[in-house]
Amino acid sequence: MSAPMLRLSLPHIDGTAIAAVAEVLRSGQLVQGAQVAAFEAELQQWLGARHAVLVSSGTAALHLALLALGIGPGDAVLVPDFTFPATGNVVKLVGARPVLVDVDAANYCATPAALQRAIEGWRGPERLRALMPVHEFGHPVDMAAVNALAARHGLAVVEDAACAIGARCGDRLAGTLGTVGCISLHPRKTLTTGEGGVLVTDDDVLAQRLRRLRNHGIERTAAGLVFHEAGYNLRLTDMQAALGRAQLPHLDGWISARRALAARYAVVLAPLAACGLLTPPADHAGHSWQTYMVVLAGGIERGGVIRALAAQDIEANLGAQCLSAQPSFADVAVRSPVAQRLYAQGLALPFCEQYGAPEVERVGLALAAALGLHVGAAHAR
Ligand SMILES: *Cc1c(COP(=O)(O)O)cnc(C)c1O
């Protein structure tokens, strides 16, 4: 009998969560009801933020953040060149220009120093309005430095914490440190509602605008519903909120388990790193480890490694995209050698809190075999 398939990640939905969703379905109140309100209150508490505004996806959160800040045509926004492309797409969708910044080879994030160089080097006709730091795969960006930079240049900070729920920057959580933070609840993230997103802010006026924009521009007043401005329908359902509420009490434990799993991977992969075959990701005490991505050495063909792992029932994939390598960003392309390399050689390995040391050993052995075969084949030529 073969070992079970090791997936890149697995959603973590237990019987209690399924029962909670079923109860909402029986209740008759499916949208903007008690579950959404309760989940928002619990997230505010958990995150330590004044406002958590639930929306239909992480991308919807990023999009609404830019709209609520009034960013649009004539504006420019700094975006890391290695992320899920939604970060850059939303800038284009509001009519602004993404300015792509190369990332750090060790932690895959745009450093404050790189952001500063991009700000000081900006010569475009558009006005720089905001920074969008991405806590890539849960590695926390130095938000104190980013906020100081933004303050010096009069810029807003839209934190893309889409994949970083639970990441720690000092004593605060990722997503709570910028002007507004955006968290995704997609199934690839540590807590999932299927689709879903959270906007996080301490700004009462901004929160009111975000709530209005997600719900047709509606304000509830003493006189009843008033359509205050043209808004969207980007609401989360109560079924989804119930699913999220059932997971939230487990989230701290899951993130601790993920930190232990990352430490295990570092030990298991150390021999491959020592041979120069791959580079493991940088560690950080506040890392929330949404994805574990190693970088294969130059010359190793990633597709072959992915196929060799698949033959052992191990799922692996690229980690994230280099935006400037995508046709959709051809108009704003820059040279980002690090992001290009991470896009070409990054390899995301099976990673979720349901896995432990045996799964990591299995991946390590299969990866060593895959890379050994590769080295052997290269020598034979
Ligand atoms: C997942 C992700 C998004 C998009 O979130 P969705 O909920 O899938 O819309 C945006 N940015 C980053 C960095 C992400 O990891």
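Note that the coordinates shown come from a computational prediction; the quantities given were computed from them, not determined experimentally.

Regarding unusual backbone geometry
- Positive phi values are uncommon outside glycine, yet Gln32 reaches one of about 45°.
- Tracing the backbone through its elements, the reader meets Gln32 in the loop between helix H1 (15–27) and helix H2 (34–47).
- On the basis of relative accessible area, Gln32 is assigned to the partly exposed category, the value being 30%.
- Its identity as a non-glycine residue notwithstanding, Tyr108 has a phi of 70°, on the positive side.
- As for its placement among the helices and strands, Tyr108 is situated in the loop between strand S4 (97–101) and helix H5 (112–121).

Here we look at the nonpolar core
- By size, the foremost hydrophobic cluster in this structure holds 58 residues, and its most contacted members are Leu78 and Phe82.
- Here this core gets 5 residues from one element, more than from any other, and that element is H2.
- Core analysis: the second largest hydrophobic core is formed by 32 residues, Ala61, Ala65, Leu213 and Phe329 among them.

Digging into the site of the ligand
- By nearness alone, 15 residues border the ligand, and Gly58, Thr59, Asp160, Ser184 and Lys189 come closest of all.
- Side-chain polar atom of Thr59 to an oxygen atom of the ligand: 2.5 Å apart, as the coordinates give it.
- Ser184 has a polar side-chain atom sitting 2.6 Å from an oxygen atom of the ligand.
- Contact with the protein chains removes 91% of the 380 Å² of surface that the ligand exposes when unbound.
- Tallying contributions element by element places helix H3 (residues 58–68) first for the shell around the ligand, with 3 residues.
- Taken together, the residues that form the shell around the ligand break down as 5 nonpolar, 8 polar and 2 charged.

Notes on the sheet that holds strand S14 (residues 292–296)
- Spatial strand order, S13-S14-S16: 3 strands in an open sheet with antiparallel pairing. Strand pairing shows two members of the sheet lacking a second neighbour, strand S13 (278–279) and strand S16 (346–349), which therefore form its edges.
- Pairing between S13 and S14: 2 bridges, direction antiparallel. Residue pairing across strands places Leu278 opposite Leu296, the latter belonging to S14.
- Against the sheet, helix H9 (residues 251–274) engages S13, S14 and S16, with an angle of about 10° to S14.
- Helix-sheet contacts for helix H10 (residues 302–311) involve S14 and S16, and the interaxial angle to S16 is about 15°.

So, the environment of Thr291
- By secondary structure assignment, the location of Thr291 is in the loop between S13 and S14.
- Measuring from C-alpha to C-alpha, the distance between Thr291 and Trp122 comes to 32 Å, with 169 residues separating the pair along the chain.
- The residues touching Thr291, leaving out its near neighbours within four places in the chain, are Phe137, Arg188 and Ala348.
- A distance of 3.2 Å separates polar atoms of two side chains, one belonging to Thr291 and the other to Arg188.
- In terms of polar contacts, Thr291 uses its side chain to reach the side chain of Gln290, at 3.1 Å.

Here we look at helix H8 (residues 238–247)
- Judged by how many residues are buried, H8 sits mostly within the fold: 8 of 10 residues are covered.
- Within the span of H8, buried status applies to Asp238, Gln240, Ala241, Ala242, Leu243, Gly244, Ala246 and Gln247.
- Along its buried surface, H8 packs onto H1, H2 and H9.

Topic: the sheet that holds strand S1 (residues 51–55)
- Overall, mixed pairing links the 7 strands, which are arranged S1-S10-S9-S6-S5-S2-S4 in an open sheet. Unpaired on one side and paired on the other, S1 and S4 mark the two borders of the sheet. Ignoring strand direction, the axes of neighbouring strands in this sheet form an average angle of 30°.
- One ladder, built from 4 bridges, connects strand S2 (residues 75–80) with strand S5 (residues 127–131); its direction is parallel. Directly across from Val77, in S5, lies its bridge partner Ala130.
- Each of S1, strand S9 (180–184) and strand S10 (197–201) is contacted by H2, which is oriented at about 135° to S1, the strand it contacts most.
- Here H3 sits on the sheet in contact with S1, strand S6 (156–160), S9 and S10, set at roughly 165° to S9.

Scoring rules and cut-offs
- Residue indices begin from 1 for each chain and proceed along its sequence in written order.
- Owing to the predicted nature of the model, reporting of local features is limited to residues with pLDDT of at least 70; listing and counting of side-chain atom pairs is limited to 80 or more, with chain, interface and lining totals taken over all residues.
- Side-chain figures throughout are based on the complete set of non-hydrogen atoms in the structure, without hydrogens or water.
- Runs of H or I in DSSP of at least four residues are treated as helices and runs of E of at least two as strands, each being numbered from the N terminus.
- Using a 1.4 Å probe on the protein chains alone, a residue whose accessible area is under 20% of its type maximum counts as buried, one over 50% counts as exposed, and one in between counts as partly exposed.
- Each nonpolar core is a collection of buried residues, namely Ala, Val, Leu, Ile, Met, Phe, Trp, Tyr and Cys, held together in the definition by side-chain atoms within 4.5 Å.
- If even one non-hydrogen atom of a residue comes within 4 Å of a molecule or strand, that residue is called near it.
- Under the rule applied, a polar contact is a pair of N or O atoms within 3.5 Å (in protein, one hydrogen donor and one hydrogen acceptor; residues adjacent in sequence only if both atoms are side-chain atoms).
- For accessible areas, the Shrake-Rupley method is used with a probe of radius 1.4 Å. Any residue's cover is judged against the shown protein chains and nothing else.
- Any residue outside Ala, Val, Leu, Ile, Met, Phe, Trp, Tyr, Cys, Pro, Asp, Glu, Lys and Arg is labelled polar, Gly included; the first ten of those are nonpolar and the last four are charged.
- For two strands to count as paired, DSSP must find a minimum of two bridges between them.
- A contact between two residues is defined here by any heavy atoms of the two lying within 4.5 Å.
- An axis is simply a line fitted to the C-alpha atoms; with a helix, the fit covers only the stretch in contact. Between two such axes, the angle follows the N-to-C directions and lies from 0 to 180 degrees.

Keep in mind that these numbers describe shape and distance, not what the molecule does.
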